[in-house]
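What follows is the residue order along each chain.
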Amino acid sequence: MNIGLFGLSGVGKTYLASKFVERRTDFVLTRASKLIKEGNQEIRYKYLDECKVNRNQFALIKGFELFKKNHPNQNIIIELHNLIETPNGPIIIERYVFDELELDAVCFIARSPKDILIQRKLDETRERSSVSELDIDSYQCKALELFQMYFMEFKTSRICILNSPSETELDEFIRRSM
């Protein structure tokens, strides 16, 4: 099973997914940014533009195909973005990218813009755009709108939107999806 975990940068995807994988050895975790970087593509915020973001999607598709081949018979959680923040503003990731990944279930993680902004300031390991709570709210609304549009045909047991979720809420969704 391939599960896509969506949400803005700083929403807590890595934390929740890592905690889940610690408890469930039948799952492995990867991130779109990791697969893109392994494909020798640019992922650093200050260098991103529309051309690079689009090229990155091909690296993501190829990288995920390879990841699946290297992890046969394992369930996979992949952290994804359907909206990428760049110095020139957000760029929407087209639906075909997610179709190519062949996701079996998807979950969107949302938090309050204030909480996301606080988390971004605390996490000095990642370079991110300097934006306001209002910007984050706008980006999150757009990302959620895209998520719902892209995955509306999924069965209700295979799609979820979690607002400020606990670890158990993500566990419950994944259990239901299987």
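Use the structure listed above.
Residues numbered from 1 in each chain as written. Predicted model: local features only at pLDDT ≥ 70, side-chain atom pairs only at ≥ 80, totals over all residues. Heavy atoms only, no water.

1. Let's talk about the packing of helix α1 (residues 13–23) against helix α7 (residues 167–177)
Inference 1: Taken N-terminus to C-terminus, the directions of α1 and α7 make an angle of 65°; their axes are 10 Å apart at the nearest point. Classified by the angle their axes make, α1 and α7 are roughly perpendicular. Where α1 crosses over α7, the handedness of that crossing is right-handed. Note on element contacts: α7 touches α1 through Glu167, Leu170, Asp171 and Ile174, opposite Tyr15, Leu16, Ala17, Lys19, Phe20 and Arg23. (Axes fitted to C-alpha atoms, helices over the stretch in contact; angles between N-to-C directions. Helix = DSSP H or I, 4+ residues; strand = E, 2+ residues; numbered from the N terminus. Parallel < 35°, antiparallel > 145°, perpendicular 65-115°, else oblique. Left-handed = near helix turned anticlockwise from the far one by under 90°. Contact = heavy atoms within 4.5 Å.)

2. Some words on the pairing of strand β3 (residues 75–80)
Inference 1: For β3, the buried fraction is high: six of the six residues fall into the buried class.
Inference 2: Because side chains alternate across β3, one face comprises the buried residues Asn75, Ile77 and Glu79, and the other comprises Ile76, Ile78 and Leu80, equally buried.
Inference 3: Judged from the five bridges that link them, strand β1 (residues 2–6) and β3 form a sheet pairing that is parallel. Within β3, the position partnered with asparagine 2 by the bridge is isoleucine 76.
Inference 4: As defined by bridge partners, strand β2 (residues 27–31) adjoins β3 across five bridges and the pair is classed as parallel. (Buried < 20%, exposed > 50% of the residue type's maximum accessible area, 1.4 Å probe, protein only. Pairing = 2+ DSSP bridges.)

3. Describing unusual backbone geometry
Leaving glycine aside, a negative phi is the common case for residues, and trans is the common case for peptide bonds.
Inference 1: With phi around 60°, asparagine 40 is a residue other than glycine that occupies positive phi space.
Inference 2: Looking at the secondary structure, you find asparagine 40 in the loop between α2 (32–38) and α3 (50–70).
Inference 3: Take asparagine 40: its relative accessible area is 70%, and that puts it in the exposed class.
Inference 4: Unlike most non-glycine residues, glutamate 102 shows phi in positive territory, near 55°.
Inference 5: Secondary-structure assignment places glutamate 102 in the loop between α4 (95–101) and β6 (105–110).
Inference 6: Overall, the relative accessible area of 51% leaves glutamate 102 in the exposed class.

4. Notes on the sheet that holds β6
Inference 1: Strand order in the open sheet made by the five strands is β2-β3-β1-β6-β7, with parallel pairing throughout. Whereas interior strands pair on both sides, the edge strands pair on one side only; in this sheet they are β2 and β7 (159–163). Across the sheet, the mean angle separating the axes of adjacent strands is 20° when strand polarity is ignored.
Inference 2: Against the sheet, α3 contacts β1, β2 and β3, and its axis sits at roughly 160° relative to β3.

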